[in-house]
Amino acid sequence: MKVKKSDDKNLVIELHKKTFPCDEFDDSPSNEYWIVWNGKTPVGFCILRPLKLDKDSVFLSRAGLLYEARGKGLHRRMITVRLRWAKKNGYTSALTYTARDNAQSFSNLQKAGFRLYWPENLYAGKNFLYWIKTF
Ligand SMILES: CC(C)(COP(=O)(O)OP(=O)(O)OC[C@H]1O[C@@H](n2cnc3c(N)ncnc32)[C@H](O)[C@@H]1OP(=O)(O)O)[C@@H](O)C(=O)NCCC(=O)NCCS
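From a predicted model like this one, the values you see are computed outputs, not experimental measurements.

Criteria and cut-off values
Residues numbered from 1 in each chain as written. Predicted model: local features only at pLDDT ≥ 70, side-chain atom pairs only at ≥ 80, totals over all residues. Heavy atoms only, no water. Pairing = 2+ DSSP bridges. Helix = DSSP H or I, 4+ residues; strand = E, 2+ residues; numbered from the N terminus. Axes fitted to C-alpha atoms, helices over the stretch in contact; angles between N-to-C directions. Contact = heavy atoms within 4.5 Å. Buried < 20%, exposed > 50% of the residue type's maximum accessible area, 1.4 Å probe, protein only. Arc of directions from axis to C-beta. Parallel < 35°, antiparallel > 145°, perpendicular 65-115°, else oblique. Left-handed = near helix turned anticlockwise from the far one by under 90°.

Draft legend 1. Quick look at the sheet that holds strand β2 (residues 32-38). Pairing in this open sheet of 7 strands is mixed, and the strands run β1-β2-β3-β4-β5-β7-β6 from one edge to the other. Both edges of this open sheet fall to β1 (2-6) and β6 (115-117), since each of them pairs with a single strand only. Along the sheet, successive strands turn relative to each other by an average axial angle of 30°, direction set aside. Where strand β4 (residues 57-65) meets strand β5 (residues 93-99), 3 bridges bridge the pair, whose relative direction is parallel. Bridge pairing in β5 places Val58 opposite Ala94. Here helix α1 (residues 9-19) sits on the sheet in contact with β2, β3 (41-50) and β4, set at roughly 105° to β3.

Draft legend 2. Seen up close, α1. Within α1, the full set of buried residues consists of Leu11, Val12, Leu15, His16 and Thr19. Across the axial projection of α1, the buried residues extend over an arc of 140°, all falling on one side. Seen from the open side of α1, the exposed residues pointing more than 90 degrees away from its buried face are Asn10 and Lys17.

Draft legend 3. Highlighting the packing of helix α2 (residues 74-88) against helix α3 (residues 103-111). In the contact formed by α2 and α3, the axes pass within 10 Å of each other and the chain directions differ by 50°. It follows that α2 is oblique to α3 by the angle criterion. With respect to the hand of their crossing, α2 and α3 are arranged in right-handed fashion. From α2, His75, Arg76 and Ile79 reach across to α3, where they touch Gln104, Ser105, Asn108, Leu109 and Lys111.

Draft legend 4. Molecular detail of the pairing of β2. By the bridge criterion, 5 bridges tie β1 to β2 in an arrangement that is antiparallel. Considered in β2, the bridge of Lys2 is made with Trp37. As paired elements, β2 and β3 share 7 bridges and run antiparallel to each other. When the bridges of β3 are listed, Asn38 appears paired with Thr41. The hairpin turn running from β2 into β3, its antiparallel successor, is 2 residues long, and Gly39 in that turn takes a positive phi close to 65°.

Draft legend 5. Main features of the pairing of strand β7 (residues 128-134). Across the 7 residues that make up β7, a large majority, 5, are buried. Note: β5 against β7, 7 bridges, orientation antiparallel. Counterpart to Thr96 in the pairing with β7 is Trp131. In this sheet, β7 lies alongside β6 in antiparallel orientation, the contact comprising 3 bridges. Of the residues in β7, the one forming a bridge with Tyr117 is Tyr130.

Don't take any of this as a statement about function, it's just geometry.
As structure tokens, then:
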């Protein structure tokens, strides 16, 4: 399986529909996309967005894998690939948030060096956990 940078927003939207069937796609012109490929078959995606208000930081937006691609360590690779891109492009920190019951995500974020924090502005609401990593 390979995690590759992509400009194919339509493919990301298609994968997003399959992995987040109840959620709207968070469209932004500054989104950066990656697709996970199993040979020639797309099985997942992830998104990063540089933050407008904090020029040093990126936001790790959605990551989703089709069922058959889960449990193989791909989420961790999707975190790593985005952190590598952020560092290479001069950013010094990465932020994200997770649902409180998303054990896979917070396990993977912790292993990638993220720590919990409590931002002044709880931009996703009180029911989420907020994560930060500085490089
Ligand atoms: C979230 C998602 C990307 C995780 O993908 P994944 O790579 O298959 O993750 P895994 O199932 O391998 O789990 C990752 C880790 O969490 C651990 N984990 C799983 N369930 C756990 C639990 N209940 N408690 C503690 N740890 C748990 C696993 O052991 C694994 O760690 P390990 O590799 O050290 O063994 C995938 O489940 C998905 O696409 N879900 C739907 C979309 C979504 O919710 N995305 C996240 C929000 S953006």
